[in-house]
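Architecture and fold: a report
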Amino acid sequence: MSLPAVVPAPTSIEAGSGAPFRLASTTVVKGDTDAATALSAIVEARTRLSLATGDGAVIELRVDAGSGAPESYRIAADEASVVVTGADAAGLFYGVQTLGQLIARDGDGWVLPAVTIEDAPRFAYRGLMLDVARHFHSVDTVRAYIDRGASLKFNALHLHLTDDQGWRIQLDSRPELTEKASGTSVGGGSVVGQGRGGGFYTKADYREIVEYAASRHMIVVPEIDMPGHTHAVGLAYPELTEAPTVSEHMRETIRDYGGEEPRTGTPYDGMAVGFSSLKIHDEATYDFVADVFGELAAMTPGPYLHFGGDESLSTTDDDFAVFVARASAIIADLGKTPVAWHEAGAAPDIADITIGQYWGFLTPQEGAAEKAIAFVDNGAQLILSPADAIYLDMQYPDLPGHGLTWANGPTSVERAYSWEPSDVVPGVDDSGILGIEAPLWTETIRTAADIDTMAFPRAAAAAEAAWSPATGTSELRTWASFRERVGALGPLWTSMGIGFHPSDEIPWATE
Ligand code: TNX
């Protein structure tokens, strides 16, 4: 008998020899109430059965503190009972997610196969990033993305909250950011409700996102991108920003995608990057940085504040280094851990604890590896987001019309899957890797349906890189195994309302 399909692949899974456990409306769920609520919701979505009050066979969900590594769990299922044990609440939650994937049809009924699973994450940080600046995405869409991510054992949601096209988070200390710089997005401001009208999160909205994420064992990592990607700041506080610089890159982008050149004081709705900068040698800039991150620190229970640092193409290298040193120190002094895109590794005086986010290719090009290695040399770690593997905004080969192609052309599901984290940045092994994150930039992504299409199934490949054993150490950690296992999730994903891309690389199960 073939093994039940679990994604991301668990540390170990053994099929039992006996009959499966039958799910019925008489099935009793005992133990931890949060986990029972989560399981009942999945079972109901998948089978239409409501578990709860019967006197039949028992599914037991319990936390056995310290029974394993953080976030780990164990499942023992046979005909008589199912027991899920988490080493902590997150582990139990992940055990429940796995149970959801194990539910299978059996004639007219539903079963959980007899199985023993032991499972723990490879990396502590497992992230999804959503760009809500290029196109704004509602709280409902973000909540849905949290649910989808948590089902694949992601534990961090990085929100790219600001960019040239808009500022999306309300701050009391700097109210004009959202009053004057949130109304538009890529493509203008005309199609309200499709992302194009712009928008922002109130502080209450942000709190709701943070709390919802926490209920799914996810932290929120807010990013305020600086010192580039700051045209929107200049709409609110013109004294803080330099005049836009128009580069050859920008002319190319306008040729390829249309749009206008950026102008001081006018919202920017194109797709070019690298034309804006904060003023580096003006103390008012650092008052601004301190206000923004001070307020965000108070609103964000997670340990990380991301200050961007990518593509600051109109800031000189020396000025960039000055800015990175000061911004990272401001965040560290707030008691938070700064995170920055890997370019910031070029700044010699960056705060030592800063985590670097590598967004180069699987084979690093032009100094990207050196900048990334600098974070590890400082004693910190990297988050890996190799663009030609897990940039979820890249086109699929079989779906032209959605997404970009700059990262080595379209990205197949196989390419999203077939890489080993410890082989990306030379000399950086698991000890230098905090985790893996799959970014979804949204220049071309407007709706919740677009998000589903681009993220699924490729986010599952990123989840496996983040959670599962290293390639070469498990027979499950192969493309041949993954494509079968992810294909088996089709019916579960459909029941969850996920409008995944039915990629022709995957043998999708229909029931
Ligand atoms: C590069 S990746 C960017 C973003 C774009 C993205 C589009 C990175 C740190 N910066 O500004 O949205 O490409 O794929």
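Residues numbered from 1 in each chain as written. Predicted model: local features only at pLDDT ≥ 70, side-chain atom pairs only at ≥ 80, totals over all residues. Heavy atoms only, no water.

**Details of unusual backbone geometry**
- The amide bond that connects Met226 to the next residue, Pro227, takes the cis arrangement and shows omega of -5°.
- Position of Pro227 among the secondary structure elements: in the loop between β14 (219-226) and α6 (231-236).
- Phi angles above zero are rare outside glycine, and His217 is one such case at about 60°.
- Along the polypeptide, His217 turns up in the loop between α5 (203-215) and β14.
- Within the chain, Glu366 stands out as a residue other than glycine whose phi angle is a positive 40°.
- With respect to the element layout, Glu366 can be found in the loop between β17 (355-358) and α10 (368-377).
- Look at Glu366 and you get exposed, because its relative accessible area is 75%. (Helix = DSSP H or I, 4+ residues; strand = E, 2+ residues; numbered from the N terminus. Buried < 20%, exposed > 50% of the residue type's maximum accessible area, 1.4 Å probe, protein only.)

**Looking at the nonpolar core**
- In this structure, Leu61, Leu99, Trp167 and Trp493 are the most contacted members of the largest nonpolar core, which totals 140 residues.
- Mapping this core onto the domain boundaries places at least three of its residues in each of domain 1 (12-119) and domain 2 (125-468).
- Discounting residues that sit within four places of it in the chain, Leu61 has contacts with Val29, Lys30, Gly31, Asp32, Ala35, Ala36, Leu39, Val84, Leu92, Val96 and Leu99. (Core = buried A, V, L, I, M, F, W, Y, C linked by side-chain atoms within 4.5 Å. Domains from an automatic or database assignment. Contact = heavy atoms within 4.5 Å.)

**Quick word on the site of the ligand**
- Neighbouring residues of the ligand: 14 residues in total, closest Arg134, Tyr391, Asp393, Trp406 and Glu443.
- Here an oxygen atom of the ligand sits 3.0 Å away from a polar atom, N or O, in the side chain of Glu311.
- One nitrogen or oxygen atom from the side chain of Asp393 is found 2.7 Å from an oxygen atom belonging to the ligand.
- For the ligand, whose free accessible area comes to 370 Å², the fraction covered by protein is 98%.
- Of the residues in the shell around the ligand, the class split is 8 nonpolar, 1 polar and 5 charged. (Near = heavy atom within 4 Å. Polar contact = N/O pair within 3.5 Å; in protein donor to acceptor, adjacent residues only side chain to side chain. Areas by Shrake-Rupley, 256 points an atom, 1.4 Å probe, with all protein chains shown as cover. Nonpolar A, V, L, I, M, F, W, Y, C, P; charged D, E, K, R; others polar.)

**Observations regarding the domain arrangement of the chain**
- The domain architecture assigned to the chain consists of domain 1 (12-119) and domain 2 (125-468).
- The gap between the C-alpha centroids of domain 1 and domain 2 is 36 Å.
- On the domain 2 side, the residues contacting the 10 residues of domain 1 number 11 residues.
- Contact with domain 2 buries surface across domain 1, with Glu71, Phe93 and Tyr94 losing the most and accounting together for 55% of the total.
- Connecting domain 1 to domain 2 are 1 salt bridge.
- Applying the counting rule to domain 1 against domain 2 returns 5 residue pairs in polar contact (both at pLDDT 80 or more).
- Broken down by element, the residue count for the side of domain 1 that touches domain 2 peaks at 7 residues, all from helix α2 (residues 89-102).
- The class makeup of the residues in the side of domain 1 that touches domain 2 is 5 nonpolar, 3 polar and 2 charged. (Buried area = accessible area lost by both parts, 1.4 Å probe. Salt bridge = Lys/Arg side-chain N within 4 Å of Asp/Glu carboxyl O.)

**Comments concerning the side chain of Ser468**
- Among the structural elements, Ser468 can be located in the loop between α14 (458-467) and α15 (479-488).
- Here the side chain of Ser468 touches Ala9 through a polar contact of 2.8 Å, landing on its backbone oxygen.
- Other than its neighbours up to four places away in sequence, Ser468 contacts Pro8, Ala9, Arg122, Ala463 and Arg477.

**Some words on the packing of aromatic side chains**
- Considering all chains together, one arrives at 20 aromatic pairs under this definition.
- Geometrically, the ring pair formed by Tyr125 and Tyr304 is edge-to-face, given 5.8 Å between the ring centres and 75° between the ring planes. On the criterion of sequence distance, the pair formed by Tyr125 in strand β10 (residues 125-131) and Tyr304 in strand β15 (residues 304-308) is long-range, its members being 179 residues apart. Each member of the pair Tyr125 and Tyr304 is classed as buried.
- For the ring pair Tyr391 and Trp441, a centre distance of 6.3 Å and an interplane angle of 50° mean the geometry is tilted. (Phe/Tyr/Trp six-rings, centres within 6.5 Å; stacked < 30°, edge-to-face > 60°.)

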